[in-house]
Amino acid sequence: MPTILGQNQYGKAENRVVKITRDGATHHIKDLNVSVALSGDMDDVHYSGSNAHVLPTDTTKNTVFAFAKEHGIESAEQFGIHLARHFVTSQEPIRTARIRIEEYAWERIATSDGNSRFIGADEVRHSFVRTGQELRTAQITYDGERWEVISGLKDLTVLNSTNSEFWGYAKDKYTTLKEAYDRILATDVSAKWRYNWTDDEQRMPNWEKSYRQARTHMLEAFAETYSLSLQQTLYQMGSRIINSRSEIDEIRFSLPNNHHFLVDLEPFGLKNDTADGAVYFAADRPYGLIEATVLRDGVEPRIPVDLTNL
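Note that the structure is a prediction, hence the values are computed from the model and not measured. (Residues numbered from 1 in each chain as written. Predicted model: local features only at pLDDT ≥ 70, side-chain atom pairs only at ≥ 80, totals over all residues. Heavy atoms only, no water.)

(A) How the structure looks around helix 3 (residues 76-90). The first and last C-alpha atoms of helix 3 sit 21 Å apart over 15 residues, in line with the 21 Å expected at 1.5 Å per residue. Turning to helix 3, its buried residues number three or more, namely Ala-76, Phe-79, Gly-80, Leu-83, Ala-84 and Phe-87. One face of helix 3 carries all of its buried residues, which in axial projection span an arc of 125°. Every exposed residue of helix 3 that faces more than 90 degrees away from the buried side is listed here: Glu-77 and Thr-89. Against strand 2 (26-40), helix 2 (57-70) and strand 3 (94-103) lie the buried residues of helix 3. (Helix = DSSP H or I, 4+ residues; strand = E, 2+ residues; numbered from the N terminus. Expected span 1.5 Å × (residues − 1). Buried < 20%, exposed > 50% of the residue type's maximum accessible area, 1.4 Å probe, protein only. Arc of directions from axis to C-beta. Contact = heavy atoms within 4.5 Å.)

(B) The pairing of strand 6 (residues 135-142), seen in detail. Bridge analysis of strand 6 against strand 7 (residues 147-160) gives eight bridges, and the strand direction is antiparallel. Note on strand 7: the bridge partner recorded for Arg-136 is Leu-153. (Pairing = 2+ DSSP bridges.)

(C) Examining the sheet that holds strand 2 more closely. With respect to topology, five strands assemble into an open sheet ordered 3-2-1-11-10, the strand pairing being antiparallel. In this open sheet, the two edge strands, each paired with only one partner strand, are strand 3 and strand 10 (260-262). In this sheet, adjacent strand axes meet at a mean angle of 35° when their direction is disregarded. Where strand 10 lies against strand 11 (residues 279-282), three bridges are found, and the strand directions are antiparallel. Directly across from His-260, in strand 11, lies its bridge partner Ala-282. Strands strand 1 (15-23), strand 2 and strand 11 of the sheet are contacted by helix 2, whose axis makes an angle of about 10° with strand 1. Contacts from helix 3 reach strand 2 and strand 3 within the one sheet, and its direction differs from that of strand 3 by about 160°. (Axes fitted to C-alpha atoms, helices over the stretch in contact; angles between N-to-C directions.)

(D) The arrangement of a nonpolar patch on the surface in detail. A cluster of nonpolar residues, Trp-167, Tyr-181, Tyr-226 and Leu-228, forms a patch on the protein surface that exposes about 410 Å² of accessible area. Assignment of secondary structure puts Leu-228 in the loop between helix 5 (207-224) and helix 6 (230-244). With relative accessibility at 41%, the residue Leu-228 sits in the partly exposed group. (Patch = residues over 30% accessible without salt bridge, like charges linked within 9 Å, V, L, I, M, F, W, Y side chains within 5 Å. Areas by Shrake-Rupley, 256 points an atom, 1.4 Å probe, with all protein chains shown as cover. Salt bridge = Lys/Arg side-chain N within 4 Å of Asp/Glu carboxyl O.)

(E) Representation of the packing of helix 2 against helix 3. Contact geometry for helix 2 and helix 3: axes closest at 11 Å, N-to-C directions at 135°. Viewed along their axes, helix 2 and helix 3 adopt a mutual orientation that is oblique. Taken as a pair, helix 2 and helix 3 cross one another with a handedness that is right-handed. Contacts between helix 2 and helix 3 involve Thr-60, Thr-63, Val-64, Phe-67 and Ala-68 from the former and Phe-79, His-82, Leu-83, His-86 and Phe-87 from the latter. (Parallel < 35°, antiparallel > 145°, perpendicular 65-115°, else oblique. Left-handed = near helix turned anticlockwise from the far one by under 90°.)

(F) Focus on the side chain of Glu-247. Summarising the element assignment, Glu-247 is placed in the loop between helix 6 and strand 9 (248-257). For Glu-247, a relative accessible area of 11% translates into the label buried. Side chain to side chain, Glu-247 and Ser-210 meet in a polar contact 2.6 Å long. Engagement of the side chain of Glu-247 in a polar contact is seen with the side chain of Arg-245, the distance being 2.9 Å. Every residue in contact with Glu-247, bar those within four places of it in the chain, is listed here: Arg-194, Tyr-195, Asn-196, Pro-205 and Ser-210. (Polar contact = N/O pair within 3.5 Å; in protein donor to acceptor, adjacent residues only side chain to side chain.)

So this is what it looks like as structure tokens:
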């Protein structure tokens, strides 16, 4: 029985593009997941393997990044309109372009009054927290006499669009990473903290207030630390909580380093410098994984090391 070709489409799915716009000291972020699907006169490529009408999916990926730089990202809708119009009007065989975009929302982190102690600036306008993502956690253990309460959160996605460097590291013959003096620092915070309330004779902490304050101190420290390594930022986050909340004695972090790589736009005649706002490729894997415990001096660690291990 003869066969015929039905509906078909092709493209590059889930292009993760992050666009930073710099308005002086105030930065703006657009974080999109863009999928391109093209259809039209594609019979020959299916029947005979002729690629004469096929615009490579790699080209569609390059177009997404180049358009982010050339046109900016006013909105997901407007960005999709630019892309769809381009593909249909520039390639005769392409009759239809479908652009699907997911936008990840970020809000600016409100910093404390004393942030100038950390970075030497009156205001911080380059730090963001992903909205509505994290989960609050709690583990309560009781043996009839003593309590152990470990609270925390996970999947709290945060990003600094500047004030982060990474250089001066050990190198060997397999090292290819270039030193960075102005990079994006982003992570998904997984944290567990242990309270020093252990029996009913003690005054019980205000759990709601303590959680809110721990989260606030964590975010403020992330935003206000001029970071030379993610390890340094981790320690500052933990120290801020321990020093600010007397009811917490120990905190353990697991922080993946969510790498953002500058896209090479030179083949398209475009410069991609951080100084005037850049386009990055947001890689989801592999990633560096930084883990450590921060303790009040004189306290023994009790949070299991593998409790936050990814």
